[in-house]
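# Tertiary structure, described
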Amino acid sequence: MCVDEGADALGFVVEYPLPVPWTLSRERAVQLMRGVPPFVSRVAIVGGTVGAILSICAAVHPDAVQLHGNESEEVVAQVARELSGTGVRVIKAVRIRADDNYQLEPPEHWESVALRFLGLGADAILLDSTTGERPAGTGKPVDLEIARRVAGAGPMILAGGLTPDNVAGRIAQVRPYGVDVISSVEDSGHRKQRERVRAFIGAVRG
């Protein structure tokens, strides 16, 4: 359904180390990824140790792997080295706290973080929001000035609180390489809804 509505890439959360409602076993991820047609990218969203990440990549053969945990610079560098030459691209999530009244580091700090991960071999940065309750899929937007600074550091995929109503404006303000959505196109049971997916992609294309 997402492919039919025009998605460029599909994300599959595979054996994520924290409780989130989207986690798949690697076996189920392989089954679903087989149904993705050519020219639509398959992205494995993972977290954890180098060994766990590489094991999942070997099992599911994604086009890209998104490191969406608290991976250190050393972990990112090692994963990038191990996947070099395999055709698997590495996307490192940089997660910004979006709790009410949380004191954020300044935008230049996050630009520096993004530049370090890109210098260590990441192919792109995914900028997302996180809260004390959930590591992703929060529905909360990322600070606009931070997003602009990180987009200037290199290829950046913007996530966090994007909806069919606000995504066009955020694209105009931030100019990211791409955008990523999950919670705003789902119902309360975390099932994708065609009309919401269609509205979101239509807004992006527009």
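Rules used in this analysis
Residues numbered from 1 in each chain as written. Predicted model: local features only at pLDDT ≥ 70, side-chain atom pairs only at ≥ 80, totals over all residues. Heavy atoms only, no water. Helix = DSSP H or I, 4+ residues; strand = E, 2+ residues; numbered from the N terminus. Rg over C-alpha atoms; globule rule 2.2 N^0.38 Å. Contact = heavy atoms within 4.5 Å. Areas by Shrake-Rupley, 256 points an atom, 1.4 Å probe, with all protein chains shown as cover. Lys, Arg positive; Asp, Glu negative; His and termini not counted. Charge placed at Lys NZ, Arg CZ, Asp CG, Glu CD. Buried < 20%, exposed > 50% of the residue type's maximum accessible area, 1.4 Å probe, protein only. Arc of directions from axis to C-beta. Polar contact = N/O pair within 3.5 Å; in protein donor to acceptor, adjacent residues only side chain to side chain. Pairing = 2+ DSSP bridges. Axes fitted to C-alpha atoms, helices over the stretch in contact; angles between N-to-C directions. Core = buried A, V, L, I, M, F, W, Y, C linked by side-chain atoms within 4.5 Å. Salt bridge = Lys/Arg side-chain N within 4 Å of Asp/Glu carboxyl O. Right-handed = clockwise from strand over helix to strand, strands pointing away.

Within the protein chain, the secondary structure is distributed over 7 helices and 7 strands. For the protein chain, the sequential pattern of α-helices and β-strands runs β-α-β-α-β-α-β-α-β-α-β-α-β-α. Against the globule reference of 17 Å for 206 residues, the protein chain gives a C-alpha radius of gyration of 16 Å, in line with a compact fold. Taken along the three principal axes of its C-alpha coordinates, the protein chain extends 40 × 40 × 30 Å. Counting only contacts in the protein chain whose residues sit at least 6 apart along the sequence, the fraction spanning at least 24 positions is 60%. A total accessible area of about 10300 Å² is found for the protein chain, and carbon and sulfur atoms account for 49% of it. The average position of the 22 basic charges and that of the 25 acidic charges among the side chains of the protein chain differ by 4 Å.

What follows concerns helix 5 (residues 144-151). Here helix 5 has its buried residues at Ile146, Ala147, Val150 and Ala151. Seen from one end, helix 5 has its buried residues packed into an arc of 130 degrees, which puts them on one side. Here the buried face of helix 5 lies against strand 4 (89-97), helix 4 (107-119), strand 5 (124-130), strand 6 (156-158) and helix 6 (167-174). Its side-chain oxygen 3.2 Å from the backbone nitrogen of Glu145, Asp143 forms the N-cap of helix 5.

A few words now on the environment of Lys140. Inspection of the secondary structure assignment puts Lys140 in the loop between strand 5 and helix 5. What makes Lys140 partly exposed here is its relative accessible area of 30%. Linking Lys140 and Leu162, residues 22 residues apart in sequence, is a C-alpha distance of 7.9 Å.

Let us look at the sheet that holds strand 6. Taken together, the 7 strands give an open sheet; going across it, the order is 1-2-3-4-5-6-7, and neighbouring strands pair in parallel fashion. Every other strand in the sheet has two partners, leaving strand 1 (9-13) and strand 7 (178-179) as the edge strands with one partner each. Packed on one face of the sheet, helix 3 (residues 73-83) meets strand 3 (64-67) and strand 4 and runs near 160 degrees to strand 4.

Take the nonpolar core next. Val65 and Leu127 are the most contacted members of the largest nonpolar core, which totals 52 residues. The contact partners of Leu127, leaving out residues within four places of it in the chain, are Val94, Ile96, Val142, Ile146, Ala147, Val150, Met156, Ile157, Leu158 and Ala159.

Now for the pattern of salt bridges. Inspection of the entire model under this criterion finds 12 salt bridges. Close ionic contact of Glu71 with Lys92 constitutes a salt bridge, the shortest N to O distance being 3.2 Å. Of the two residues, Glu71 is situated in the loop between strand 3 and helix 3 and Lys92 in strand 4; the sequence distance between them amounts to 21 residues. For the pair Glu71 and Lys92, one class covers both residues: buried. Of the charged contacts, one joins Arg116 and Glu73 as a salt bridge, the two residues approaching to 2.5 Å between their closest N and O atoms. Here Glu73 lies in helix 3 and Arg116 lies in helix 4, a separation of 43 residues in the sequence. One salt-bridge network, in which partners are shared between bridges, spans Glu5, Arg194 and Arg198.

Sheet analysis places strand 1 next to strand 2 (residues 41-46), joined by 5 bridges and oriented parallel. Within the sheet, the bridge partner assigned to Phe12 lies in strand 2 and is Ala44. Chirality of the crossover, the property in question, places the unit of strand 1, helix 1 (residues 26-33) and strand 2 among those that are right-handed. Note that strand 2 and strand 3 share 4 bridges and pair parallel. Bridge pairing in strand 3 places Ala44 opposite Val65. Taken together, strand 2, helix 2 (residues 50-60) and strand 3 constitute a β-α-β crossover, and its handedness is right-handed.

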